[in-house]
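The lines below spell out each chain.
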Amino acid sequence: KQEVTQIPAALSVPEGENLVLNCSFTDSAIYNLQWFRQDPGKGLTSLLLIQSSQREQTSGRLNASLDKSSGRSTLYIAASQPGDSATYLCAVALRRGAQKLVFGQGTRLTINP
Amino acid sequence: GAGVSQTPSNKVTEKGKYVELRCDPISGHTALYWYRQSLGQGPEFLIYFQGTGAADDSGLPNDRFFAVRPEGSVSTLKIQRTERGDSAVYLCASMPGPGSYNEQFFGPGTRLTVL
């Protein structure tokens, strides 16, 4: 059974710092991996999707990497801002047909002004 | 165009009652998913539709839960004889169709509280 773990569970850093969020998964037979952002009481906003054949994806100040063989992904946030404060979730998509997502528990990120 | 919408945004009901939660996916998206998110946890898969048919319902916790998508667009999640443990945020997501390059787009969720 696929399990996804995110470390740390919570992170608080001063504004302007670069930071890394970690995600690990137990079964490397994934279809793709998505990083999401969730603001309190809101739904999920997709940030980046990495296909299983890719190593990384970038969007603005965000960079996500994928090492499928070791079952790891990282989300790098450059020059953090208070508006980046949110919970970040990673999820792996299982087999081609259903592509249902298995989520980690999330990392709650606080950027202090 | 419009994103995924879900109604109601909040639903409070009493134990034992029946509830329906509605999801309106992005136009043209053939794949639709329901997830459930308990407080402090990541979402958990419930059911997946490809078109009108439920292609994978392995995440439904028991037979009190049922979902339909009769015309391949709007979906309704139905919960019978609600229990306090059903309290959670129910999220709907849609996707253009199968494909490794396709991402799931989520709605804002319905927060269900069973008293």
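Note: the structure precedes this text.
Residues numbered from 1 in each chain as written. Chains lettered and ligands numbered in written order. Predicted model: local features only at pLDDT ≥ 70, side-chain atom pairs only at ≥ 80, totals over all residues. Heavy atoms only, no water.

Draft legend 1. Local environment of the packing of aromatic side chains. Throughout the structure, instances matching the rule amount to eight aromatic pairs over all chains. Where tyrosine 33 of chain B meets tyrosine 35 of chain B, the ring centres are 6.1 Å apart and the plane angle is 25 degrees; that geometry is what we call stacked. The pair formed by tyrosine 33 of chain B and tyrosine 35 of chain B is uniform in burial state, with each residue classed as buried. Taken together, Phe36 and Phe103 of chain A together with Tyr33, Tyr35, Phe45, Tyr48 and Phe106 of chain B form an aromatic cluster joined through their ring pairs. (Phe/Tyr/Trp six-rings, centres within 6.5 Å; stacked < 30°, edge-to-face > 60°. Buried < 20%, exposed > 50% of the residue type's maximum accessible area, 1.4 Å probe, protein only.)

Draft legend 2. Fine view of the nonpolar core. Ranked by size, the top nonpolar core spans 24 residues in total, and within it Leu33, Trp35, Leu75 and Val92 of chain A carry the most contacts. Only β3 (19-25), β4 (32-38), β5 (44-51), β7 (62-67), β8 (72-77), β9 (86-93) and β11 (107-112) of chain A provide two or more residues apiece to this core. If we ignore the near neighbours within four places in the chain, the residues touching leucine 75 of chain A are Leu19, Val20, Leu21, Trp35, Leu47, Leu48, Leu62, Asn63, Ala64 and Tyr88 of chain A. Listed in part, the 20 residues of the second largest apolar core include Val19, Ala67, Leu112 and Val114 of chain B. (Core = buried A, V, L, I, M, F, W, Y, C linked by side-chain atoms within 4.5 Å. Helix = DSSP H or I, 4+ residues; strand = E, 2+ residues; numbered from the N terminus. Contact = heavy atoms within 4.5 Å.)

Draft legend 3. Molecular detail of the sheet that holds β7 of chain A. Residues and elements named next belong to chain A. Pairing in this open sheet of five strands is antiparallel, and the strands run β1-β3-β8-β7-β6 from one edge to the other. The open sheet has two edge strands, β1 (4-7) and β6 (56-59), and neither has a second partner. The mean inter-strand angle of the sheet, taken between neighbouring strand axes irrespective of direction, is 15 degrees. Relative to β8, β3 runs antiparallel, the two sharing six bridges. Within the sheet, the bridge partner assigned to serine 24 lies in β8 and is arginine 72. (Pairing = 2+ DSSP bridges. Axes fitted to C-alpha atoms, helices over the stretch in contact; angles between N-to-C directions.)

Draft legend 4. Examining the sheet that holds strand β3 (residues 19-24) of chain B more closely. Residue and element names in this part refer to chain B. In space, the four strands of this open sheet follow the order β1-β3-β8-β7, with antiparallel pairing throughout. The sheet is open, and its two edges are formed by β1 (5-7) and β7 (65-68), each paired on a single side. Neighbouring strand axes in the sheet, compared pairwise and without regard to direction, differ in orientation by 15 degrees on average. The pairing of β3 with strand β8 (residues 75-79) spans five bridges and is classified as antiparallel. Paired with arginine 22 across the bridge in β8 is threonine 76.

Draft legend 5. Local environment of the pattern of salt bridges. Taken as a whole and judged by the stated rule, the model has six salt bridges over all chains. Of the charged contacts, one joins arginine 37 of chain A and aspartate 39 of chain A as a salt bridge, the two residues approaching to 3.0 Å between their closest N and O atoms. Given a relative accessible area of 17%, arginine 37 of chain A falls into the buried group. Between arginine 64 of chain B and glutamate 83 of chain B there is a salt bridge, and its shortest N-O distance comes to 3.5 Å. Of this pair, arginine 64 of chain B sits in the loop between β6 (53-56) and β7 while glutamate 83 of chain B sits in the loop between β8 and β9 (88-95), placing them 19 residues apart in sequence. Salt bridges here are not isolated pairs; linked through shared partners, they connect Arg64, Glu83 and Asp86 of chain B. (Salt bridge = Lys/Arg side-chain N within 4 Å of Asp/Glu carboxyl O.)

Draft legend 6. Quick look at the state of the cysteines. As enumerated under the stated definition, the model contains two disulfides over all chains in all. Here cysteine 23 of chain A is linked by a disulfide to cysteine 90 of chain A, with a sulfur-sulfur distance of 1.9 Å. On the sign convention where negative is left-handed, the bridge of cysteine 23 of chain A and cysteine 90 of chain A, at about 70 degrees about the S-S bond, is right-handed. In this pair, cysteine 23 of chain A is assigned in strand β3 and cysteine 90 of chain A in strand β9, connecting sequence segments 67 residues apart. Of the two residues, cysteine 23 of chain A and cysteine 90 of chain A, neither departs from the other in class, the shared state being buried. A sulfur-sulfur distance of 1.8 Å marks the disulfide that ties cysteine 23 of chain B to cysteine 92 of chain B. (Disulfide = S-S within 2.5 Å.)

Everything listed here is a matter of coordinates, which is why it stays silent on function.
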